[in-house]
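Chain residues, written in single-letter form:
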Amino acid sequence: MKRKLVSVILAIGMIGTMMAGCGNSADSSDAAAKTKTDTAADAITEKETDAPDEAVQDADGSKILSTGPNGEAATPASDITLTEEEKQQIRDGGYKAAISLHYGGNDWATSQLEGLKATFEDLGIEIVATTDANFSAEQQVSDIETIMAKDPDVIISIPTDATATADAFKKAADEGIKLVFMDNVPSEMTAGKDYVSCVSADNYGNGCVAAELMGEALGGEGQIGMVYYDADFFVTNQRDQGFKETMAAKYPDVEIVTEQGFTDENGCSEQGDAILTQYPMINGIYASWDVPMEGVLSSVKAAGLTGDDVKLTTIDLGNNIAKEIAEGNVVGLGAQLPYDQGVAEATLAAYSLLGKEAPAYVAVAAKKVDGSNILEAYKDVYHVEAPDWLQEAAGK
C-alpha cells in the first residue's frame, strides 16, 4: 500500500517533467528499451557464458573478463613491473610527465592520481601539468596543446571523446611524446605505434559482479531497472553489457523492465523518480557508477522506501556509496582499483622511456564489495585504512 501511495504522489509531482532526466529524455521508448534487453539476452555467446573458465588471471587468482578497446586480450596489471636497475635508469633520466583527465572531481580520479603521483615520485619523474577537462572534449584538446608546450616526455590521459580528441593526441604522438591511456583510446590510433598501452579496470567483470549481487539479493526473480550512461564510452558500455548479459544468463527470472539513459551524472534522481513512478513495484535498480546511483538512492529515500524495498547495485566504491553499503541502503557493487591502475600507468610510461615492450591492454581485476567486506575493500581500493565514519557506519 505504501509503495502504491508513493507512486501516486510522485506522478503528481512529475507531470510534464517525468521524462526529462539528467539532460536527455528518460526512457523515451520502453518498447525500444525492451528490444535492447531482448537483444542482449539473445546475444549471450560462448565467450560470455564460458569466460570465467578461460579468463586471464591476476597474480592472486582473480579472473579478468574484459577485453581492450580493440578486442585485445588483457595482461594483468600485476605483471607490469620494473627491476631496481630499470628504476634507477629512469631516475637518472630526468624525465617529465603530464596528466590529462576527462574529469577530476570524483573519488576515482583522486585515487588514480594518488597512484600516479606516488609511482612517478618513486621513479624521479617530474609531473609538469595535471589538467581536468570537466567532460569537455574541446577543453581537453586545449589542455593537450597547453601540456605540449611544457615539453613532457610522457602523457597519461583518458580521452573525453575518442573521436573529437584524436587529432590532438595524434599530434602529441607525432612530436615524440609517449602516450599511456586510461580506460579508452582515441580513434584510429594503434598500440605500439601511436601509444604505449591502455590501462583499465575489468569493467565487464564489474558489471557481472553488480548483476550477481542483484540476482542474489532478489532471490533470482523480480523486476529491475537500469540507469545507464547514454554515450559511446567504452568502459561504461562494457560494464552495462556485463550487467545485462549476466542477468540474462544467470537470472532469467529477473526482468529488466526499463532502461533510462543519462548524460549528466549529477541529478539522476530524476531517473530514479521516473522509474519509481512508472514501475511502483520495482524490485531493484542498477546504475552505471556510484554518482548516478547517489541520485537514484535519493529518489528511493524520498519515496519513503528502503534498501529492503528496492535493491540497488552499481560500480565504483566512492565514499558516499561506501557509507550507504555499510548502512545497508545499497546491496553492493563491483569496484575498480584506481590507485593500482595509476601505478600500472606510471610503470608503463617507464616502459616506454626504457624502450621496453608493453602489452596493448592492461587490466585490474574486478572486486566484489558488499556489507560483509566493506572495510577491507575500502583499504584495497584506496590504499588507506577505512576512515572512522565508515567504521562507525559499519558498526565497528
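Since we're looking at a predicted model, the values are computed, not measured.

1. Overview of the packing of helix α8 (residues 203–217) against helix α9 (residues 234–250)
It is the contact of α8 with α9, at a shortest axis distance of 7 Å, that shows an interaxial angle of 40 degrees. By the angle class used here, α8 and α9 are oblique. The two elements α8 and α9 cross, and the hand of that crossing is right-handed. In this structure, α8 contributes Asn203, Tyr204, Gly207, Cys208, Ala210, Ala211, Glu212, Met214 and Gly215 to the contact, and α9 contributes Val235, Gln238, Arg239, Gln241, Gly242, Phe243, Glu245, Thr246, Met247 and Lys250.

2. Section: the sheet that holds strand β5 (residues 126–132)
With parallel pairing, seven strands are arranged side by side in an open sheet as β3-β14-β8-β7-β6-β4-β5. Among the strands making up the open sheet, the edge pair consists of β3 (75–76) and β5. Pairing geometry for strand β4 (residues 96–101) and β5, over six bridges, is parallel. By the bridge assignment for β5, Leu101 is matched with Asp132. Relative to β4, helix α5 (residues 107–123) is tilted by about 175 degrees, and along the sheet it contacts β4, β5, β6 (154–157) and β7 (178–182). Packing of helix α6 (residues 137–148) onto the sheet brings it into contact with β4, β5 and β6, and relative to β4 it is tilted by some 170 degrees.

3. Comments concerning the pairing of β7
Taking burial as the measure, the five residues of β7 include four buried ones, the bulk of the element. With four bridges connecting them, β6 and β7 associate as parallel partners. Residue pairing for β7: Ile156 is matched across the bridge by Val180. Following the backbone out of β6, through helix α7 (residues 166–174) and into the adjacent parallel β7, one traces a crossover that is right-handed. Pairing of β7 with strand β8 (residues 197–201), which is carried by three bridges, proceeds in the parallel orientation. Residue pairing for β8: Phe181 is matched across the bridge by Cys198.

4. What to know about unusual backbone geometry
Backbone geometry places Asp151, a non-glycine residue, at a positive phi of 55 degrees. Here Asp151 lies in the loop between α6 and β6. If you check the backbone angles, Glu188 has positive phi at about 60 degrees while not being a glycine. Position of Glu188 relative to the elements: it lies in the loop between β7 and β8.

5. Here's the deal with the confidence of the model for the protein chain
It should be kept in mind that the predicted coordinates are not to be read in detail where pLDDT is low. When pLDDT is averaged along the protein chain, the result is 88, and 85% of the positions lie at 70 or above. Ignoring residues within four places in sequence, the model shows residues 4–53, a span with pLDDT below 50, making 79 contacts including any to other chains.

6. Quick notes on the packing of aromatic side chains
The description of an aromatic ring pair rests on the distance of the ring centres and on the angle between the ring planes. As enumerated under the stated definition, the model contains ten aromatic pairs in all. Centroid distance Phe243 to Tyr286: 4.0 Å. Interplanar angle 15 degrees. Geometry classified as stacked. In this pair, Phe243 is assigned in helix α9 and Tyr286 in strand β11 (residues 284–287), connecting sequence segments 43 residues apart. A single burial state applies to Phe243 and to Tyr286, both of which are buried. Note on Tyr378 and Trp389: the rings are 6.3 Å apart at their centroids and 90 degrees apart in plane angle, and the pair reads as edge-to-face. A residue pair is termed long-range when its members are at least 10 positions apart, and Tyr378 in helix α14 (residues 374–382) and Trp389 in helix α15 (residues 388–393) qualify at eleven residues. Judged by its relative accessible area of 34%, Trp389 falls in the partly exposed class. Here a set of aromatic residues connected by ring pairs shows up, and it is made of Tyr229, Phe233, Phe262 and Trp289.

Calculation notes
For every chain, the first residue of its written sequence is number 1, and the numbers climb from 1 along that sequence. With the structure being a predicted model, the display of local features is reserved for residues of pLDDT at least 70 and the display and counting of side-chain atom pairs for 80 or more, all residues being used for whole-chain, interface and lining totals. Note: side-chain values were computed over all heavy atoms of the structure, leaving out hydrogens and water. Under this scheme, a helix contributes an axis fitted over its contacting stretch, all axes are lines through C-alpha atoms, and angles between N-to-C directions fall in the 0 to 180 degree range. Working definition: helices are DSSP H or I runs of at least four residues, strands are E runs of at least two. Numbering for both runs from the N terminus. Roughly parallel means an angle under 35 degrees; roughly antiparallel means over 145; roughly perpendicular covers 65 to 115; every other angle is labelled oblique. A crossing counts as left-handed when the near helix is turned anticlockwise from the far one by less than a right angle, and as right-handed when that turn is clockwise. Whether two residues touch is decided by their heavy atoms; if any such pair falls within 4.5 Å, the residues are in contact. One requirement defines pairing of two strands: DSSP has to find at least two bridges between them. Each residue's exposure class comes from its accessible area (1.4 Å probe, protein chains only) as a fraction of the maximum for that residue type: buried when under 20%, exposed when over 50%, partly exposed otherwise. With the strands aimed away from the viewer, a crossover counts as right-handed if its path from the first strand over the helix to the second runs clockwise. Predictor confidence is given residue by residue as pLDDT, running from a minimum of 0 to a maximum of 100. Stacked, tilted and edge-to-face pairs are distinguished by plane angle, under 30 degrees for stacked and over 60 for edge-to-face with tilted covering the rest, among Phe, Tyr and Trp rings (Trp via its six-membered ring) whose centres lie within 6.5 Å.

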